[in-house]
Amino acid sequence: MNWSAITWLILMVLFLLAEASTVALVSLWFAFGCLAALVVSLLHGGVWLQMTVFLVVSTLLLLLLRPLVRKYLNPKLSPTNVDSVIGAEGYVTTAIDNTMAMGQVKLDAMFWTARSTSGQPIPEDTLVRVDRVEGVKVFVTPVKEEN
């Protein structure tokens, strides 16, 4: 009975199970290394050759293929509706005063609770730009009007 072949087969299954549970694309390459070592074992290669083939194949696949596969398997992040609000301009509909926790702006067709990024009050009907969003509040700064 070829115990080294059985060992490589068991290790390959364990690496595949680990990959299936994590999907980190690390254990997969070691499973392919085990497969290569299994083939060497079945061809009656020595244990040192099996270990060398395992290490070389696993390392090469990990270093060369993992970045490429991750690039194509990971979905691209697309901005959400909230992300599209950042940089948008609108008018203050209720004067913004951070100390009184008051303020509202209209961005496109939606009204947002607003706060001043600088902490300074912003009067009604001022054109503002959204700097960031925290929860359901937008933080804005007045837009300088060009003459």
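Structure first, text after, so check above.
Residues numbered from 1 in each chain as written. Predicted model: local features only at pLDDT ≥ 70, side-chain atom pairs only at ≥ 80, totals over all residues. Heavy atoms only, no water.

**Concerning the packing of aromatic side chains**
Item 1. Summed over the entire model, instances satisfying the criterion amount to five aromatic pairs.
Item 2. Each member of the aromatic cluster is reached from another via a ring pair, and the members are Trp8, Phe15, Phe30 and Phe54.
Item 3. Between Arg132 and the ring centre of Phe139, over which it is positioned, the NZ or CZ distance is 4.0 Å. (Phe/Tyr/Trp six-rings, centres within 6.5 Å; stacked < 30°, edge-to-face > 60°. Lys NZ or Arg CZ within 6 Å of the ring centre and 35° of its normal.)

**Some points on the sheet that holds strand 4 (residues 127-134)**
Item 1. The five strands lie next to each other as 1-2-3-5-4, forming a closed barrel whose pairing is mixed. The average angle at which neighbouring strand axes cross in this sheet is 50 degrees, direction not considered.
Item 2. Pairing geometry for strand 2 (residues 102-107) and strand 3 (residues 110-116), over four bridges, is antiparallel. Bridging across to strand 3, Lys106 finds its partner in Phe111. (Pairing = 2+ DSSP bridges. Helix = DSSP H or I, 4+ residues; strand = E, 2+ residues; numbered from the N terminus. Axes fitted to C-alpha atoms, helices over the stretch in contact; angles between N-to-C directions.)

**Overview of the packing of helix 2 (residues 27-42) against helix 3 (residues 47-64)**
Item 1. It is at 8 Å that the axes of helix 2 and helix 3 come closest, and there the two elements cross at 150 degrees. In terms of axis orientation, helix 2 runs roughly antiparallel to helix 3. Handedness of the crossing formed by helix 2 with helix 3: right-handed. Residue-level inspection shows Trp29, Phe30, Phe32, Gly33, Cys34, Ala36, Ala37, Val40 and Ser41 of helix 2 in contact with helix 3, the latter providing Leu49, Gln50, Val53, Phe54, Val57, Ser58, Leu61 and Leu62.
Item 2. When the residues that make up the contact of helix 2 with helix 3 are grouped by side-chain class, the tally is 13 nonpolar, four polar and no charged. (Parallel < 35°, antiparallel > 145°, perpendicular 65-115°, else oblique. Left-handed = near helix turned anticlockwise from the far one by under 90°. Contact = heavy atoms within 4.5 Å. Nonpolar A, V, L, I, M, F, W, Y, C, P; charged D, E, K, R; others polar.)

**Some thoughts on the environment of Pro142**
Item 1. Along the chain, Pro142 falls in strand 5 (residues 137-142).
Item 2. Here the alpha-carbon distance between Pro142 and Ser84, two residues 58 residues apart in the chain, equals 19 Å.
Item 3. Excluding anything up to four places from it in sequence, Pro142 contacts Ile122, Thr126, Leu127 and Val128.

**Some words on unusual backbone geometry**
Most peptide bonds adopt trans geometry, and most residues besides glycine take a negative phi value.
Item 1. Not every positive phi belongs to a glycine, and His44 is a case in point at roughly 65 degrees.
Item 2. Examined against the element boundaries, His44 turns out to sit in the loop between helix 2 and helix 3.
Item 3. The phi angle at Asp108 is positive, at roughly 55 degrees, despite the residue not being glycine.
Item 4. Within the element layout of this structure, Asp108 appears in the loop between strand 2 and strand 3.

**Description of the packing of helix 3 against helix 4 (residues 66-73)**
Item 1. It is at 4 Å that the axes of helix 3 and helix 4 come closest, and there the two elements cross at 40 degrees. Taken as axis vectors, helix 3 and helix 4 run oblique relative to one another. Two secondary-structure elements touch here, helix 3 through Leu61, Leu62, Leu63 and Leu64 and helix 4 through Arg66, Pro67 and Leu68.
Item 2. Broken down by class, the residue content of the contact of helix 3 with helix 4 amounts to six nonpolar, no polar and one charged.

**Section: the nonpolar core**
Item 1. Ranked by internal contacts, the top residues of the largest apolar core, which has 13 residues, are Val105 and Val138.
Item 2. Contributing elements (two or more residues each) for this core: strand 1 (89-97), strand 2, strand 3, strand 4 and strand 5.
Item 3. Examining the composition of this core, we find that three residues originate from one element, strand 4, more than from any other.
Item 4. By size, the runner-up hydrophobic cluster in this structure holds eight residues, among which are Met12, Ala31, Cys34 and Ala37. (Core = buried A, V, L, I, M, F, W, Y, C linked by side-chain atoms within 4.5 Å. Buried < 20%, exposed > 50% of the residue type's maximum accessible area, 1.4 Å probe, protein only.)

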